[in-house]
Amino acid sequence: MSNSPIIRRRVDPRAERAARTVLTGPRPRLLRQPVAPTTINERRRDPRALRTAALVQHLPRPRYDWTRDAASPGTAAPAGVAVTAAPAIPLRVIAEPAYLVLAMLDRPGGEVSEHDRQVIAAARLLADGADAGGGGAVVTVATGSGAALAEAGSDRHVALPEGWADDYVPERRAAAASALMAALSPRHILFPDSPDGADVARRVAAAAGERLFTGVQSLSPDRATRQSSGGSLETGHRPTRLMTVAADAFAPLDGVRHEARPLDLATPMVAGEEVLPRLGGARRLAVDPDALALSEADFILSAGNGVTDWQSFAELGEALGATRAGSRVVCDAGHLPRERQVGASGTVVSARCYLAFGIAGAPQHLQGITGVKHVIAINTDLHAEMIKRADLSIVADAQDVMPALIRLIRERRND
Amino acid sequence: MTEAVLSNVAVLLSIGRHPVSGRARRGATDAQALEMALALRPRRLTAIHAGPAADADALRAYLGMGLERLTVLVLPDGADPVEALIAHLRRLAPSLVLTGRQAEDGEGSGMLPYLIARGLDAAMVPDVVRVGPADASDATPGKAAIVQALPRGQRRALTVSGRLVATVHPSAPPARASAFGPARRGVIEPVAVPVTVEVTADLFLSECEHRPWRPKPKLMRVKRGGSALDRLRAATESKSGKGQLLVNPTAEAGALAIYDSLVEQGMLP
Ligand SMILES: Cc1cc2nc3c(=O)[nH]c(=O)nc-3n(C[C@H](O)[C@H](O)[C@H](O)COP(=O)(O)OP(=O)(O)OC[C@H]3O[C@@H](n4cnc5c(N)ncnc54)[C@H](O)[C@@H]3O)c2cc1C
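All names here are of chain A. In a regular helix each residue adds 1.5 Å, so 14 residues correspond to 20 Å; helix 5 (residues 195-208) covers 20 Å between its end C-alpha atoms and thus fits that length. Most of helix 5 is tucked away, with 10 of its 14 residues classed as buried. For helix 5, the full list of buried residues reads Gly197, Ala198, Asp199, Val200, Ala201, Arg202, Arg203, Val204, Ala205 and Ala206. Once helix 5 finishes, glycine 209 follows within two positions and takes phi at roughly 70 degrees, a positive value.

The structure is reproduced here in structure tokens:
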């Protein structure tokens, strides 16, 4: 419901009469002119006005949108977005930290990943821990600025050189972490247990001669646990100095705001740049998208029963460099092999982008794409479920759009 | 002579543990490491296991892959194998050391290759799927060309100079089957640890407490804050209606919208 209800002025005869009364003479007299009403009952809501403000459609049936801002009737709020202004989250400042907890983030390609947020959440557990007295500060270490990390729970931020975001420089990162370990003497250093993060963590641990507690699954100020013996045992120990945090073990924070104040420290960069790297010439190799397992693919081109032009579909997959997949109907008909089926009885995909041609969006199919970030749907039916799910929906014939898209890609590639 | 780069190869083999039956077996990635080493056809290939001599029978599966002999550094139960391995490898001076990714039994922290790389002053490359000598166009001799596996099926090529320790990724070429005859005929050669090396028990592990692992409930993304209605929405509604909608555009306009959206997502250059 709306926060600012419409106030309607109500006539209050007694109050008006009292305002006109002059008590100076021998008996009370009434003034002719009514005095401007002094008080309005602020508490009073006007349900009728609220109702008209929420009305979005008269015919054939009245429809109300109660999330709309009542103060500006007529402007429809974007659906799905809460209109009530989010209450400002109070800023938490830790001015004099009792100790520091370092979170060395991956930030692949400059983006703060979900795993990075989870590592910060784990670091907060150690920094705010009641048993250890609390009052610790979380220092994030990553490429790029810390502004995006304030809402993830970072108190201080150390920026690594911008160029390290895209290059493969584990030796430099490890040297920077070791230098920070010496400069700040943090109580704990946490790394994400991702391929790159765990690699750096092990390098740091080997250089420091310290024990690394890998893949932490649960954490409190006096106990950390991990899986060992191939996953059959749970091993507990008090938190060591160096730990890596398993993926999806901690919920990322939300509804917090910390300052993420930049720390101007040159030591990590200097130490990093001084290293003479033995690994060099790193470059990504082109991989055949159709050889990838569907669950691993990052970009999927998918066909449903609305596709009849399989020649164009194959060409489009090649032009886009996308992994081809399909709905169950398509795989049942033999247009694509069974392991290319997306959905409940096929593969649950986690692609970043899913381009769907002629797929209706049955619940069994949508289940398979819940983890997809960006969905583009092309369908002739405006009311298809897939059109509702998609971030970009195009109501058009797939057989027309596919060749046009191929032409466009070839054109752009040539010039 | 580019071949000289990878002519002396050592493989570190551990005893694996079947995830369901719990029986001792060859470690999955260790076997792939041995496969990679055999495929390189080095002039000298040494396979080493460090551990109690009693376990040696489980190692015969590696011999069945076509290995003639396997060195076992005999250590007492629960001892830390790192120092003993470093001392032994220093004497062998291999140009490439291949290991599995993580032990299937015991602590399984994946630290051993890193500690060995440090002890040998070698470069360390994780998650390797292919190793070969750098091609002739790369003029510097003594370099190895490596392909590394990344998440999402991606691959990265690297060149490494000097001595190298590499761990093998599960998507490397699969290990060949182990044959019974060669497994029986192969020689397991126990070697005593050099006296200079002090074999110490692992204190950290004895400090830890162990209990059977119980699967934890899956983490759900719960949204905090906002009104009750917002939270209910976030929990129940799939993301819908937010998107851009084009109704009956021309094929060209539709294609352009898709193209722009793909470029924005970074899927097309
Ligand atoms: C137990 C069970 C498990 C299942 N598991 C799965 C699963 O894992 N994966 C899965 O996908 N399905 C699964 N299904 C099937 C699912 O219910 C649907 O039947 C199926 O997903 C529909 O596929 P579709 O969208 O391709 O075809 P349809 O439902 O036929 O939809 C075709 C769509 O294409 C559109 N269209 C038609 N012509 C054109 C054109 N020229 N251009 C553009 N659009 C056009 C239509 O408007 C329609 O929306 C399962 C079903 C059951 C019962």
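Along its sequence, chain B is organised into domain 1 (2-206) and domain 2 (228-264). Measuring from the centre of the C-alpha atoms in domain 1 of chain B to the corresponding centre in domain 2 of chain B gives 50 Å.

Right, let's talk about the confidence of the model for chain A for a bit. Mean pLDDT over chain A stands at 85; residues scoring 70 or higher make up 90%. Confidence over residues 70-85 of chain A falls short of pLDDT 50; this stretch has 18 contacts with residues more than four positions distant or in other chains.

Among the nonpolar cores identified, the biggest contains 51 residues, and A:Phe191, A:Val204, A:Leu242 and B:Leu89 are the most heavily contacted of them. The leading source of residues in this core is helix 3 (residues 82-92) of chain B, at 7 residues. Counting 41 residues, the second largest nonpolar core, distinct from the first, contains A:Leu279, B:Ala33, B:Leu38 and B:Ile188.

A separate point is the site of the ligand. All names here are of chain A. Surrounding the ligand, one finds 25 residues, the nearest of these being Ser327, Val342, Ser345, Ala360 and His365. A distance of 2.9 Å is found between an oxygen atom of the ligand and a backbone nitrogen or oxygen belonging to arginine 328. A distance of 2.7 Å separates an oxygen atom of the ligand from a polar side-chain atom of histidine 365. For the ligand, the protein covers 70% of the area, taking 980 Å² as the surface of the free molecule. Tallied by class, residues from the shell around the ligand come to 8 nonpolar, 14 polar and 3 charged.

Conventions and cut-offs
Counting from 1, residues in each chain are numbered in the order their sequence is written. Throughout, the order in which chains and ligands are written sets their labels, letters from A for the former and numbers from 1 for the latter. Note on the predicted model: pLDDT of at least 70 is required for a residue's local features to be given, and 80 or more for side-chain atom pairs to be given and counted; whole-chain, interface and lining totals, by contrast, use all residues. Side-chain descriptors were evaluated using all non-hydrogen atoms of the structure, hydrogens and water having been removed beforehand. Counting from the N terminus, the helices are DSSP H or I runs at least four residues long and the strands are E runs at least two residues long. Expected helix span is given by 1.5 Å per residue-to-residue step, counting one fewer step than there are residues. Each residue gets one of three labels from its accessible area relative to the maximum for its type: buried under 20%, exposed over 50%, partly exposed in between, using a 1.4 Å probe on protein chains only. Residue ranges assigned to the domains are those given by an automatic or database domain assignment. A score from 0 to 100, pLDDT tells how confident the predictor is in each residue. Should any heavy atoms of two residues lie within 4.5 Å, those residues are counted as being in contact. As used here, the term nonpolar core means buried Ala, Val, Leu, Ile, Met, Phe, Trp, Tyr and Cys residues forming a set that is joined through side-chain atoms within 4.5 Å. Here, proximity means that at least one heavy atom of the residue falls within 4 Å of the molecule or strand. What qualifies as a polar contact is a pair of N or O atoms within 3.5 Å, subject to a donor-acceptor requirement within protein and to the restriction that residues adjacent in sequence count only when both atoms come from side chains. For the accessible areas, the method is Shrake-Rupley and the probe is 1.4 Å, while residue cover comes only from the protein chains on display. Charged residues are taken to be Asp, Glu, Lys and Arg, nonpolar residues to be Ala, Val, Leu, Ile, Met, Phe, Trp, Tyr, Cys and Pro, and polar residues to be all remaining types, Gly included.

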